[in-house]
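Spelled out from the first residue to the last, the chains are:
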Amino acid sequence: SFPCLTAPVFSLILPILRKAGDLWQAEALHRKVRNMLMASKFANETEVTGTETVLLLAISHTQLGCTVFALKKYDDAWQEHKSALNIRLKELGVTDALVSESFNYCAETLCAMGREAEALPLSLQSVEIRSREFGTSHPAYAHALCVLSKCYHGVGRSHDAMPLIEKCLEICELVFSPCHANIIPNLVVQGDILQAVGELEKSLSIYQRALSIHEKNFKPGQKDLQLEECQEKIKGVIMALENQVAYGHPDPMLNGKDKISAGTPLIVITDIGRDIDDALAFVMLSSLKKMFILNPLAVIVTLPPLEDRACLARTVLDSLGMHDVPVGLGTDVACPSEISLKPFNGIAQQNPFYFERGGSLMARILSEAEEKSVKLLCLANLKDISDFIVKQEALFRTKVKEVVIMGGASYSEAREQLVPDETASNNSCDLTAARHVYAECQQHNIPTTTISRYAAYGCPLLVSFLDGLMKTNHLLAGEIHNSNFKSMQQLWKKVNMPSWMPGRGKLPARCNREWFLDFFKVKVDDTTDLLREILQGSALYLYDSLATLNCVDAYVDFHFTPKCCMIAGTVHRLIGTPSSSGVANRYYLVNEMEGLLKEAFNLSLEGMHLHTNKWEISEKVDDERENKPESSADLNEENTFGGEVYDEKKDTV
């Protein structure tokens, strides 16, 4: 009759039952408590249910989930943890410590169900939140690292999992004693990973240590399932040693031939981290990959700091369900740029990833590809493609189907060829490389599609769209939203400085307050600071997302009106010129982009949704798109910009 009073009493008894090994009795009582709290909630559904009562229900879901998980009832455990997670997200917000607990339990349960690919994005969220809330020496952070290592091990990246489980054990052995019972599950995971990478003798030693700790901490009849697991692991390794067989997962990133079948093969060159643009292009790519339209085979990062940029690319890809796309280290162009995006810094601090050199990675993938099958998408400078042509010209000529470039170019009537736009940011980083790539493509009849900044000016989105992305509860969406606001604030400060002040950087003198208000369509008065609310109706230009869409011929045909240049019998497309944006219908294009971006975030976290049917999620996105009061596509026609425009990546025109 008084669930809010009865439940805490049960919560004192239930841990005793679990520790005593009476999981079945504990499960029955947990269900009783959970049902009492749910009945109380539904009985008062016409009234405002108190946060304390709802959060108590979330705790009950969590405790029941942990109990049935120990009984290996994984489907039941997953449903309970999802219920707890959705309650906590609604009441507390995505960055709360209790939310990280539910993310972690959902991920751990999915791993036990053999669904590590779905678990990985949830686990990344948990690690990041716990690193912020508890720091990187707390056992809660260690537990999240353990689950993350399970995810990487389960998707075939055991080498990436190893540093994470080692850090987990390092933390636990400092916080607890080396023989504490809490260390046993972590040791089992470490043994599994060692076995997968072929370290069988080390794996056997780790399993034996786990068994020894169990026998020291528990009496016969306690934790029997854990005891049986340790014993079975030891038997399995002994058999493997006798037969010299290593049980492991194949590395999906080393098998390029299998990957080439699903969608148009694509290699991406990026300078992710300079701003939000490349990250949103990755989000777009995630949607197109899930739709089997594009098949990203590799991502190559360029611009120093290369290792940090590669780590950012790796975690962003993993968070979007693209764990099987390898990341390579590209060229160290003398155009350094700070990394402004740090959505998963809690993982990056551990530096767990190994990265192949970009040229070697491209060569390996292209050598396994069919002739004229792979598209190259360059969202950065063209140095990596230029160097690859010099070293692997035959592979480039025979395997590359098309080069899609975010930059700018024009057709020279006098020379009868394309020449790169020297004012485009990506081209100007290494103009020699840009000229070389365009010349080689034309000489060897490899088609190019060049998207310029003018195309983006023809289809601006609203900054308020980023608020909608945050509602997906994906940490990357929140980081993109906040990073964009910070960069706009910094630019606002610069344009309000006198033109002679050093603090303006390379900002041209004409880029003043009036230019800012006109270009971004911001309305302020003299007494107004540039607050978040003021920017809701301002323009957002997604250059790299547009370039990603242009890797799909069907999108090009429907959404764009390219200028086609026939050179030696090969068509080269230019989208966006000073006189024309090259956008066929801004309304359709903007809605297409918004739908793809939002769906990518939703589907990457499908492991937390109470209803995980992809088509239901897709229909929900369509409904929201139809019913929302204001769309980026509703921006005034005057937002189609031409002429020289400020490029925020370089503080130049």
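Refer to the structure presented above.
Note that the structure is predicted; figures quoted are calculated from it, not measured.

## Some words on the overall build of the protein chain
Counting its secondary structure elements, the protein chain contains 28 helices and 13 strands. Scored against the burial criterion, the 653 residues of the protein chain give a buried share of 56%. A separation of at least 24 residues holds for 75% of the contacts in the protein chain among residues at least 6 apart in sequence. When the accessible surface of the protein chain is totalled, it reaches about 27,400 Å², and 51% of it is carbon and sulfur.

## Quick look at the pattern of salt bridges
Taken as a whole and judged by the stated rule, the model has 26 salt bridges. Close ionic contact of Glu27 with Lys73 constitutes a salt bridge, the shortest N to O distance being 3.0 Å. With Glu27 in helix H2 (residues 23-43) and Lys73 in the loop between helix H3 (51-70) and helix H4 (74-92), this pair connects stretches of sequence that are 46 residues apart. Residue Glu27 is classed as buried on the basis of its relative accessible area, which comes to 8%. Given a relative accessible area of 33%, Lys73 falls into the partly exposed group. Across the pair Glu80 and Arg34 runs a salt bridge whose closest N-O atoms are separated by 2.5 Å. Residue Glu80 is located in helix H4, and its partner Arg34 is located in helix H2; the two are separated by 46 residues in the primary sequence. Look at the salt bridges and you will find they share partners, linking Glu27, Arg31, Lys73 and Asp76 into a network.

## Digging into helix H13 (residues 277-290)
The terminal C-alpha atoms of H13, which comprises 14 residues, lie 20 Å apart, in line with the 20 Å expected from a rise of 1.5 Å per residue. Phe292, located one to two residues past H13, shows a positive phi value of around 60°.

## Structural notes on the pairing of strand S7 (residues 409-412)
Where a strand is regular, its side chains alternate between the two sheet faces. As paired elements, S7 and strand S8 (residues 417-420) share four bridges and run antiparallel to each other. Within S8, the position partnered with Ser412 by the bridge is Gln417. Remark: four residues form the turn of the hairpin made by S7 and S8, two consecutive strands paired antiparallel; Glu416 in that turn has positive phi of roughly 55°.

## Structural notes on a nonpolar patch on the surface
A surface patch of nonpolar side chains, about 370 Å² in accessible area, is lined by Phe558, Tyr587 and Tyr588. Locating Tyr587 in the fold gives a position in helix H27 (residues 586-604). By relative accessible area, Tyr587 is classed as partly exposed at 43%.

## Remarks on the packing of helix H9 (residues 184-196) against helix H10 (residues 200-217)
Here H9 crosses H10 at 165°, and the two axes come no closer than 8 Å. By the criterion of interaxial angle, the relationship of H9 to H10 is roughly antiparallel. Read as a crossing pair, H9 and H10 show a hand that is left-handed. Facing H9, whose interface residues are Ile184, Leu187, Val188, Gln190, Gly191, Asp192, Leu194 and Gln195, H10 presents Leu200, Lys202, Ser203, Ile206, Tyr207, Arg209, Ala210, Ile213 and His214. A class-by-class count of the residues in the contact of H9 with H10 yields nine nonpolar, five polar and three charged.

## Quick look at helix H20 (residues 431-443)
Over its 13 residues, H20 extends 18 Å from the first C-alpha to the last, a length consistent with the 18 Å expected when each residue adds 1.5 Å. Within the sequence span of H20, burial applies to Ala433, Ala434, Val437, Tyr438, Glu440, Cys441 and Gln442. The positive-phi residue at the C-terminal boundary of H20 is Asn445, with phi of around 60°.

## Regarding the sheet that holds strand S9 (residues 448-452)
On the basis of which strands lie adjacent, the open sheet formed by nine strands has the order S4-S3-S2-S1-S5-S6-S9-S13-S12 and mixed pairing. Each of the sheet's edge strands pairs with one partner strand only, and the pair in question is strand S4 (356-357) and strand S12 (563-567).

## Here's the deal with the environment of Tyr411
For Tyr411, the position within the fold is in strand S7. Judged by its relative accessible area of 23%, Tyr411 falls in the partly exposed class. C-alpha of Tyr411 to C-alpha of Cys565: the two residues are 154 residues apart in sequence and 7.4 Å apart in space. With residues near it in sequence (within four places) discarded, Tyr411 still touches Glu416, Gln417, Leu418, Cys565, Ile567 and Leu574.

Parameters at a glance
Residues numbered from 1 in each chain as written. Predicted model: local features only at pLDDT ≥ 70, side-chain atom pairs only at ≥ 80, totals over all residues. Heavy atoms only, no water. Helix = DSSP H or I, 4+ residues; strand = E, 2+ residues; numbered from the N terminus. Buried < 20%, exposed > 50% of the residue type's maximum accessible area, 1.4 Å probe, protein only. Contact = heavy atoms within 4.5 Å. Areas by Shrake-Rupley, 256 points an atom, 1.4 Å probe, with all protein chains shown as cover. Salt bridge = Lys/Arg side-chain N within 4 Å of Asp/Glu carboxyl O. Expected span 1.5 Å × (residues − 1). Pairing = 2+ DSSP bridges. Patch = residues over 30% accessible without salt bridge, like charges linked within 9 Å, V, L, I, M, F, W, Y side chains within 5 Å. Axes fitted to C-alpha atoms, helices over the stretch in contact; angles between N-to-C directions. Parallel < 35°, antiparallel > 145°, perpendicular 65-115°, else oblique. Left-handed = near helix turned anticlockwise from the far one by under 90°. Nonpolar A, V, L, I, M, F, W, Y, C, P; charged D, E, K, R; others polar.

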